[in-house]
Structure formats: structure tokens, C-alpha cells
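Spelled out from the first residue to the last, the chains are:
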Amino acid sequence: MPSLRLDLDPLRETLLLTLHARALDSQSPHPILGDIHAARVAERIDYDFARLKVKPSLVCGTALRAKKLDEAVRAFVAAHPDAVVLDLGCGLDSRALRCDPPDGVDWYDVDFPDVVALRPQFLPARSQCIGADLTEPGWLDSLPRDRPAMIVAEGVLPFLPGDAFQRMARQLTAHFETGELALNGYTRFAAWSMKYHPTIKAIGITAAQGFDDAHEPERWQAGLTLVDEQLLTRVPEVSSFPQPLRAVTRLMGFSTALSRQGTRVLRYRFQ
């Protein structure tokens, strides 16, 4: 099957970064996420992935946060087999395939219209796609309101301008009667420092949004209540990290402050 060249602006190009990281994880001797779909998709894209300069820390961090968010989704749909799942900023992620929800679940992959238009070329149909700018109103209007919603926002927070993420959270919780919001959280320092990361610099984008206190979203007037702050420096999967990353991560795990500068997964409930 011929490779496809994608015409993406710097913001959309970040989908290739996370895709490549998941693909590299799946090809490692001890994969954390093991997303075989990512490797297959990456092989079909005509792109110089080497220019992204992806290091083991990014591969492991991306795979681990995806795994923990997948686990949150699976737990939610197990408890709510009639749920609605929204994967915001889905890119070319295969989360719906990995989680394999029961038939009663309606799954919506949401991203820019030109991004979701790519998905049928690379991934089997397992969800409904919504092409939308998350910062614009109206894209939720056609979705059911009276069913529990699991909303995943992986890698979205740092790239929305100003208070756009807060406004989006208010729109989501106003639309759905009850549910959860799960995201990978960035501190302000972690989000600010992303622009100096070699991979982000290679793409040429600026990321700046984050928050330090995991309880801060409770003050966004979105009806959110913190359920869990998971510091990924302390999870068992760190044993699969290559050295010296494994040792460094375990040392960071002794400090809550340092752990929060790394990857953390946050879950909030609303009703």
C-alpha cells in the first residue's frame, strides 16, 4: 500500500509526534501501551519522523499516559455500559480500538475537520468522527445529553489559547448531565518549558497552558470535582523504562513536587 504525504500545519503536526511515540513503544522489547495500530499507521505516512528527535523519555511518557487514560475509559464504560465517550484532539489515535467498548457505548472522536477526514484512510471505523474546532461553540449540539459521558483530553491543555480549555470544560459539563473528564495535566512550568523541548522546537509550535494545583479546575465554574491525581513516576510500569530513565524516574517519584513536573493523569467528576 503506498505511503501518504500529509499537509499539516505545526499544530496538527503534533499528531505525528504522539503517533510516532506510540509506534516506537509498540516496537520496543517491553512495550508499555503496545499500540500495534500506531505502528501500522506510521508506516503508511510519508514523513521524516527522525526530525522529531524523539527520546526514550517522550516515548515512555506518551505510552504511559495513554495507557492510564485507557484504563480510566475502560473503568467508566464498565460501570456505565450506555455511556458516551468523547476523545478530544484524537488525531490518529486508536483509543477506541484499544478500549473496545461494549455495543451500548457511543464513541466520538473529535478533532479539526481536516484531521478527522484522515482517520478513515488509516484506521478501521470504530467510532463516529466529529470535525470541529474545540474553541468554537455548537459542536456539541447533536450529541445526547441524558447519558453519562467520559471525556478524554489527552495532550489538549497546553495548546488551547488563553482560557479556552476552561470555557470548553464549562460547555461540556453544561451539555452532559453527569460524567468524568480525564486529562494529562501540565504544571505551568512544564507547559512553558515544552517550547524548549527539541521535539516541540522541531515542529515549531509554542505551548503555554498549564496549572499547578490539581484542584484548580474545581474553580472553573464547570462543576468539576477532583477524583484522582495519578503521578506516573510512581506507577509499576516505570519498571519497563530503559535505563537510565528508569532510575531517574524512580528518584523523581520520591518527590511529589518533581513528580508533578512530569506526567500526571487527572480525573474529575461532574453531575
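Residues numbered from 1 in each chain as written. Predicted model: local features only at pLDDT ≥ 70, side-chain atom pairs only at ≥ 80, totals over all residues. Heavy atoms only, no water.

## Digging into the packing of aromatic side chains
Working step 1: Enumeration over the complete set of coordinates arrives at 3 aromatic pairs.
Working step 2: For the pair Tyr47 and Phe49, a centre-to-centre distance of 5.0 Å together with 70° between the ring planes defines the contact as edge-to-face. Assigned by exposure class, Tyr47 and Phe49 land together as buried.
Working step 3: Ring centres of Phe165 and Trp220 lie 5.9 Å apart, and the angle between their planes is 70°; on these two criteria the pair is classed as edge-to-face. Here Trp220 lies in the loop between helix H9 (198–203) and strand S6 (225–231) and Phe165 lies in helix H7 (residues 164–175), a separation of 55 residues in the sequence.
Working step 4: Residue classification places Trp220 among the buried residues on the basis of a relative accessible area of 6%.
Working step 5: Three or more aromatic residues link up through ring pairs in this structure, and these residues are Phe165, Phe211 and Trp220.
Working step 6: Lying over the aromatic face of Phe112, Arg12 brings its terminal NZ or CZ to 3.9 Å of the ring centre. (Phe/Tyr/Trp six-rings, centres within 6.5 Å; stacked < 30°, edge-to-face > 60°. Buried < 20%, exposed > 50% of the residue type's maximum accessible area, 1.4 Å probe, protein only. Helix = DSSP H or I, 4+ residues; strand = E, 2+ residues; numbered from the N terminus. Lys NZ or Arg CZ within 6 Å of the ring centre and 35° of its normal.)

## Some thoughts on the pattern of salt bridges
Working step 1: All chains considered together, the criterion is met by 28 salt bridges.
Working step 2: Arg98 is the salt-bridge partner of Asp35, the closest N and O atoms lying 2.9 Å from each other. In this pair, Asp35 is assigned in the loop between helix H1 (10–26) and helix H2 (36–43) and Arg98 in helix H4 (residues 95–99), connecting sequence segments 63 residues apart. Like Asp35, the residue Arg98 is buried in the burial classification.
Working step 3: Linking Glu216 and Arg188 is a salt bridge whose minimum nitrogen-to-oxygen distance equals 3.3 Å. In this pair, Glu216 is assigned in the loop between H9 and S6 and Arg188 in helix H8 (residues 188–193), connecting sequence segments 28 residues apart.
Working step 4: Here Glu216 falls in the buried class, since its relative accessible area comes to 15%.
Working step 5: With a relative accessible area of 41%, Arg188 lands in the partly exposed category.
Working step 6: A single salt-bridge network, built from bridges that share partners, covers Arg22, Asp35, Arg65, Asp70, Asp87, Asp93, Arg95, Arg98 and Glu154. (Salt bridge = Lys/Arg side-chain N within 4 Å of Asp/Glu carboxyl O.)

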